[in-house]
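Observations on the three-dimensional arrangement
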Amino acid sequence: MKRTAIVFSSRYLAHNTKAGHPESPRRLEAIMEGIRQSGLLESGNCTLIEPRPAVLKELELVHDSGYISHVRDLSESGGGILDVETETMVS
């Protein structure tokens with residue numbers, strides 16, 4: 001039987017973006033409540049898993065090495081804007 005996994009941590013609720021951005025803790029809470037109410041978790045067809053840091057080989061499955069290096073360098077320098085939808089900040 002194939003199952004769906006949702007990577008989730010309550011730490012995600014601390015991710016606050018600028019006003020007007022669609023990402024917000026409220027949105028994530030509503031999504032998770034919908035999943036719980038749907039019965040998917042109890043059915044065994046869907047499970048929640050805790051996130052973990054990706055290893056380099058996993059990142060390379062979906063991103064080229066130049067992009068990975070760029071994100072690493074940006075993060076190590078304190079953060080910045082990757083594009084209009086993505087902003088990284090190191091706390």
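Relevant structure appears above.
For the structure given in this document, a descriptive report is provided here. (Residues numbered from 1 in each chain as written. Predicted model: local features only at pLDDT ≥ 70, side-chain atom pairs only at ≥ 80, totals over all residues. Heavy atoms only, no water.)

If you check helix H1 (residues 25-38), its first and last C-alpha atoms are 20 Å apart, about what 14 residues at 1.5 Å a residue would give, namely 20 Å. Contact partners of the buried residues in H1: strand S1 (4-7), helix H2 (40-43) and strand S2 (46-49). Of the residues trailing H1, Gly39 is marked for its positive phi of about 85°. (Helix = DSSP H or I, 4+ residues; strand = E, 2+ residues; numbered from the N terminus. Expected span 1.5 Å × (residues − 1). Contact = heavy atoms within 4.5 Å.)

As for its placement among the helices and strands, Pro51 is situated in the loop between S2 and helix H3 (56-59). Residues Pro51 and Gly39, 12 residues apart in the sequence, show an inter-C-alpha distance of 22 Å. If near-sequence neighbours (up to four positions away) are discounted, Pro51 is found in contact with Val7, Phe8, Ser9, Arg11 and Tyr12.

In this section: the pattern of salt bridges. Following the criterion strictly, the structure yields 1 salt bridge and no others. A salt bridge links Glu58 to Arg52, with the shortest nitrogen-to-oxygen separation between them at 2.6 Å. Among the residues examined, Glu58 registers a relative accessible area of 30% and is labelled partly exposed. With a relative accessible area of 55%, Arg52 lands in the exposed category. (Salt bridge = Lys/Arg side-chain N within 4 Å of Asp/Glu carboxyl O. Buried < 20%, exposed > 50% of the residue type's maximum accessible area, 1.4 Å probe, protein only.)

Quick look at the environment of Tyr67 now. By the secondary structure assignment, Tyr67 is in helix H4 (residues 65-76). Note on Tyr67: relative accessible area 36%, which makes it partly exposed. Sequence separation between Tyr67 and Thr17 is 50 residues; the distance between their C-alpha atoms is 23 Å.

Attention now moves to the packing of aromatic side chains. Scanning all chains against the criterion turns up 1 aromatic pair. Each ring, one from Phe8 and one from Tyr12, has its centre 5.9 Å from the other, and the planes form 85°; the classification is edge-to-face. Phe8 sits in the buried class, given a relative accessible area of 14%. Classification of Tyr12 as partly exposed rests on a relative accessible area of 33%. (Phe/Tyr/Trp six-rings, centres within 6.5 Å; stacked < 30°, edge-to-face > 60°.)

You can see Ser9 is positioned in the loop between S1 and H1. If we skip the residues at most four places from it in the chain, Ser9 touches Glu50 and Pro51.

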